[in-house]
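Structural overview for review
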Amino acid sequence: MKLINTVDAEGAVLCHDITQIIKGVTKDAVFRKGHIVTKEDIPVLLSVGKDTLYVWEKEEGMLHEDEAAEILCRMCRSDNMNTSDTKEGKIELSAACDGLLKVNSAGIKAVNGFGQMMIASRHGDFPVKKGDKLAGTRIIPLVIEEEKMLSAEKACMEATNGEPVLKLLPFQDKKVGIVTTGNEVYYGRIQDTFTPVIKAKFAEYNAEVVDHVIWNDDDKKVTASILEMIEKGADIVCCTGGMSVDPDDKTPLAIKNTGARIVSYGAPVLPGAMFLLAYYEVKEGPNPRTVAIMGLPGCVMYAKRTIFDLVLPRVMADDPVTAEELAALGEGGLCLNCDRCTFPNCGFGKGK
């Protein structure tokens, strides 16, 4: 850094905070470290007694915090994201559309391990709305070695296989079929209170429910209905009822008999342990696609939040769910059934 006369400081970068004290009014920084002095700032600086200033002097191999912040931001940013203006080495990223946030944890750890720089994000695999803040990035010192920034970027790209740390997958337009099972509903002994809940969940994503049938505990009828809905264009089929291990609960068998690939029958999440996820490949015809088939346990009908709320956003964003990922939900997979539900602003579904 170097010392210059304040009257000559236009365009210079401050090396420290400048404090303004007005008795009974304020005692605070009127300009922060890293501020670029404008012509209008000079009278203010003189008024707080700063006839000279320590300013940053460009050195070979060193980057100003704002320059380094741009490098940090490009490690993180991908499509469907907006960025804030660069200020004091900080850049924030926000969602340009509704979608599913994906976070590469290895990439974040690689960068944060270097010190003097940081990435802080919200949890991945959760839905976000347009305008939501996704992450904040910050360079800690006023200046930082360019070599260090490039080394951090290299380590980050190695950890993420060349992908950005953050991705935002837009939710897709989906057609949904619902198969309700159970003798008690089919024969009119009780009212179907499950289907309205499922329709409300899909309405949050503007998905269109195109078909709904009710069957007794006949696995062959359920299998046929699933396949028929897929043939009619359904992208998702949800089956409700018959998901326990009782001999007369045959929905898992019905889903298996469609020929779909079973990802998992059972998940380490409460509520939602008896959840089933499968994928059916439509390879021929005018609309080749992968159809998600979900067997929903009874808890989805009455609990505020369940495994369904953790998996549905990923299905809506065409983000395949693996058995390993379902298994990892065990840590954080216990809903505390709080009197006032604040999901997703809580620990449910947030493991390591």
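Refer to the structure above for everything that follows.
So, here is what we can say about the structure in this document. Nothing here was measured: the structure is a model prediction, and the numbers come from that model. (Residues numbered from 1 in each chain as written. Predicted model: local features only at pLDDT ≥ 70, side-chain atom pairs only at ≥ 80, totals over all residues. Heavy atoms only, no water.)

Right, let's get into the sheet that holds strand β9 (residues 117–121). As summarised here, the arrangement of the four strands in space is β6-β7-β11-β9, forming an open sheet in which the pairing is antiparallel. One side of each edge strand has no neighbouring strand; the edge strands of this open sheet are β6 (81–83) and β9. On average, each strand axis in the sheet is inclined to that of its neighbour by 15°, with strand direction left out of account. Both β6 and strand β7 (residues 90–95) contribute to a ladder of three bridges, which runs antiparallel. What sits directly across from M81, in β7, is A95. In the packing of helix α2 (residues 65–76) onto the sheet, contacts are made with β6, β7, β9 and β11 (133–139), and the angle to β11 comes to roughly 140°. (Pairing = 2+ DSSP bridges. Helix = DSSP H or I, 4+ residues; strand = E, 2+ residues; numbered from the N terminus. Axes fitted to C-alpha atoms, helices over the stretch in contact; angles between N-to-C directions. Contact = heavy atoms within 4.5 Å.)

What follows concerns the nonpolar core. Across soluble globular proteins, you tend to see nonpolar side chains buried next to one another. Grouped together as the largest cluster of nonpolar side chains are 37 residues, with contacts concentrated most on F202, M294, L296 and F308. Elements with a contribution of two residues or more to this core: β14 (175–181), α6 (194–203), β16 (236–240), β18 (276–282), β19 (289–296), α9 (299–302) and α10 (307–316). A total of seven residues in this core trace back to one element, the largest contributor, which is α10. Leaving out residues up to four positions away in the same chain, F202 has contacts with V176, A207, I236, C238, F308, L312 and M316. Residues L63, A68, I91 and L166 belong to the second largest nonpolar core, which totals 29 residues. (Core = buried A, V, L, I, M, F, W, Y, C linked by side-chain atoms within 4.5 Å. Buried < 20%, exposed > 50% of the residue type's maximum accessible area, 1.4 Å probe, protein only.)

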